[in-house]
Amino acid sequence: MTAHLKKAELHCHIEGAAPPALALLQARKYNVDVSSIIEDGAYVWADFSHFLKCYDAVAELFRTEEDYALLAEAYLTELAQAGTIYSEIIVSPDHGNTIGIGSDAYLRGLAAGIEAARAKTGIEGRMIITLIRHMGPEAAERTALYAAKREHALVTGLNLAGEERVHNVADFARAFDIARDAGLGLTIHAGEMAGAFSVRDALDHVRPTRISHGVRAIEDADLVKRIADEGVVLETCPGSNVSLQVFPDFASHPLRALHQAGCRVTLNSDDPPFFHTSLKQEYEIASQVMGFSDDEINGMTRTAIEAAFVDEATRRRLLAAL
Ligand SMILES: Nc1ncnc2[nH]cnc12
Ligand SMILES: [Zn+2]
């Protein structure tokens, strides 16, 4: 049982956290037919590419600042009820432009939701802006320049998500330079849908302090050693990996092997209802299915706070709360 453990999360895509019931309410509100993406109260998708399309269709159902405030408040409140003290949500201001409210209003809505959840429960939240790999380097640079303006105090990092099997990380190096110069924390989706070379690619060309997923580093023993030696933090999402068939089951998941090799690992939910999981469940899986002790799991939570993209005063306060 992990209900008594404090929790922290570095990796959850906010539109991917929308429960199907909420998506259905939004669909009704905007008169959108979602029968092809929600069946019997669950999201339907067949593979990773299809999942990304389903994700975009769900994101399309959130169209105003208020919609986003409610989504963030609901998600963070649920996390806090499970004992979570810190959460970074991955956000996509480009989506604000797609739906016509603009990036500022999109972030303002999410920030309002984070603040409302903090006022109610004490949970601390931050936003990590993501570049979308399959939208290419030019769009990424525009988004990085926007992120670097740091108009929202709760925006503290930059990520790269989307279809990992297109482009090289080097194509996005300028975007990450812009973010680094602006003092944003850096993390990159790698070693999820593509193999170990993709993690190496991210480490060689950008040197982020964290890797989103990174689990397929296990395919290359030298790379695992490098991750451990350099103290790179892996935002692992076992439920997501099994759901997307990156690994056939939890028994084959490399979390235990990475931990044993000295890699700094953390527990995360990614897109929880899409993958039939939650942060609470990821902690349960680590404990009950993978056999990690409470001390080992607390170590992962501590690692998450140590690697969080927050100011040092907040980090000290969160570490003291563990
Ligand atoms: N698991 C994932 N990998 C890459 N991009 C994503 N966008 C939303 N979820 C994602
Ligand atoms: Zn992700």
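Quick caveat, the model's predicted, so the values are computed rather than measured.

Caption draft 1: Region of interest: the overall build of the chain. Looking only at helices and strands, the chain features 14 helices and 10 strands. Rg of the C-alpha trace for the chain: 18 Å, near the compact-globule value of 20 Å for 322 residues, within the 12% margin. Looking at the 322 residues of the chain, the share that counts as buried comes to 59%. A fraction of 72% describes how many contacts in the chain between residues 6 or more apart in sequence connect residues 24 or more apart. By element, 51% of the accessible surface of the chain is carried by carbon and sulfur atoms, the whole surface being about 12500 Å².

Caption draft 2: Here's a closer look at the coordination of the zinc ion (ligand 2). Of the protein atoms, only His11 (NE2), His13 (NE2), His189 (NE2) and Asp270 (OD) coordinate the zinc ion (ligand 2), at distances of 2.1 to 2.3 Å. The site at the zinc ion (ligand 2) holds four donor atoms, and with the angles between them running 81 to 166°, its shape is irregular. Within one chain, the residues serving as donors to the zinc ion (ligand 2) are arranged as H-x1-H-x175-H-x80-D. Classification of His11 as buried rests on a relative accessible area of 0%. Classification of His13 as buried rests on a relative accessible area of 9%.

Caption draft 3: Spatial organisation of the site of ligand 1. Surrounding ligand 1, one finds His13, Phe48, Phe51, Leu52, Tyr55, Ala161, Gly162, His189, Glu192, His213, Asp270 and Asp271. Glu192 is positioned with one of its side-chain polar atoms (N or O) 2.8 Å from a nitrogen atom of ligand 1. Within the side chain of Asp271, a nitrogen or oxygen atom sits 2.7 Å from a nitrogen atom of ligand 1. Surface burial for ligand 1 is 97%, taken as the share of its 260 Å² of free accessible area covered by protein chains.

Caption draft 4: Representation of the packing of helix α13 (residues 294–307) against helix α14 (residues 312–321) within the structure. Following both chains from N to C, one finds α13 and α14 inclined at 170°, their axes separated by 9 Å at the closest point. By the angle between their axes, α13 is roughly antiparallel relative to α14. Note on element contacts: α14 touches α13 through Arg315, Leu318 and Leu319, opposite Arg302, Ile305, Glu306 and Ala307. Looking at the contact of α13 with α14, its residues break down into four nonpolar, no polar and three charged.

Caption draft 5: Broad picture of the environment of Glu124. As for its placement among the helices and strands, Glu124 is situated in strand β5 (residues 124–132). Overall, Glu124 belongs to the buried group, its relative accessible area being 5%. Note: C-alpha distance between Glu124 and Leu318 (194 residues apart in sequence) is 8.6 Å. Excluding its chain neighbours within four sequence positions, the residues that come into contact with Glu124 are Ile85, Tyr86, Ser87, Arg118, Thr314, Arg317 and Leu318. Looking at Glu124, its side chain comes within polar contact range of the side chain of Arg118, at 2.6 Å. A polar side-chain atom of Glu124 sits 2.8 Å from a polar atom in the side chain of Arg126.

Caption draft 6: Just the pattern of salt bridges, in detail. As enumerated under the stated definition, the model contains 21 salt bridges in all. A salt bridge links Asp220 to Arg200, with the shortest nitrogen-to-oxygen separation between them at 2.7 Å. Of this pair, Asp220 sits in the loop between β8 (210–213) and α9 (221–230) while Arg200 sits in helix α8 (residues 196–205), and the two are 20 residues apart along the sequence. Among the salt bridges present, the one from Glu306 reaches Arg264, with a minimum N-O distance of 2.8 Å.

Caption draft 7: Structural context of the sheet that holds strand β10 (residues 264–267). Spatially, the eight strands line up as an open sheet ordered β1-β4-β5-β6-β7-β8-β9-β10, and their pairing is parallel. This sheet does not close on itself; its edge strands, each paired only once, are β1 (7–13) and β10. With direction set aside, neighbouring strand axes in the sheet form an average angle of 25°. Judged from the six bridges that link them, strand β4 (residues 84–91) and β5 form a sheet pairing that is parallel. Looking at the pairing, Tyr86 lines up with Glu124 of β5. Here helix α6 (residues 136–148) sits on the sheet and contacts β5 and β6 (155–161); the angle it forms with β5, its principal contact strand, is near 150°.

Scoring rules and cut-offs
- Residues numbered from 1 in each chain as written.
- Chains lettered and ligands numbered in written order.
- Predicted model: local features only at pLDDT ≥ 70, side-chain atom pairs only at ≥ 80, totals over all residues.
- Heavy atoms only, no water.
- Helix = DSSP H or I, 4+ residues; strand = E, 2+ residues; numbered from the N terminus.
- Rg over C-alpha atoms; globule rule 2.2 N^0.38 Å.
- Buried < 20%, exposed > 50% of the residue type's maximum accessible area, 1.4 Å probe, protein only.
- Contact = heavy atoms within 4.5 Å.
- Areas by Shrake-Rupley, 256 points an atom, 1.4 Å probe, with all protein chains shown as cover.
- Donors = N, O, S within 2.8 Å, 3.2 Å for Na, K, Ca; no water.
- Tetrahedral: all angles 85-135°; square planar, octahedral: opposite > 155°, others 65-115°.
- Near = heavy atom within 4 Å.
- Polar contact = N/O pair within 3.5 Å; in protein donor to acceptor, adjacent residues only side chain to side chain.
- Axes fitted to C-alpha atoms, helices over the stretch in contact; angles between N-to-C directions.
- Parallel < 35°, antiparallel > 145°, perpendicular 65-115°, else oblique.
- Nonpolar A, V, L, I, M, F, W, Y, C, P; charged D, E, K, R; others polar.
- Salt bridge = Lys/Arg side-chain N within 4 Å of Asp/Glu carboxyl O.
- Pairing = 2+ DSSP bridges.

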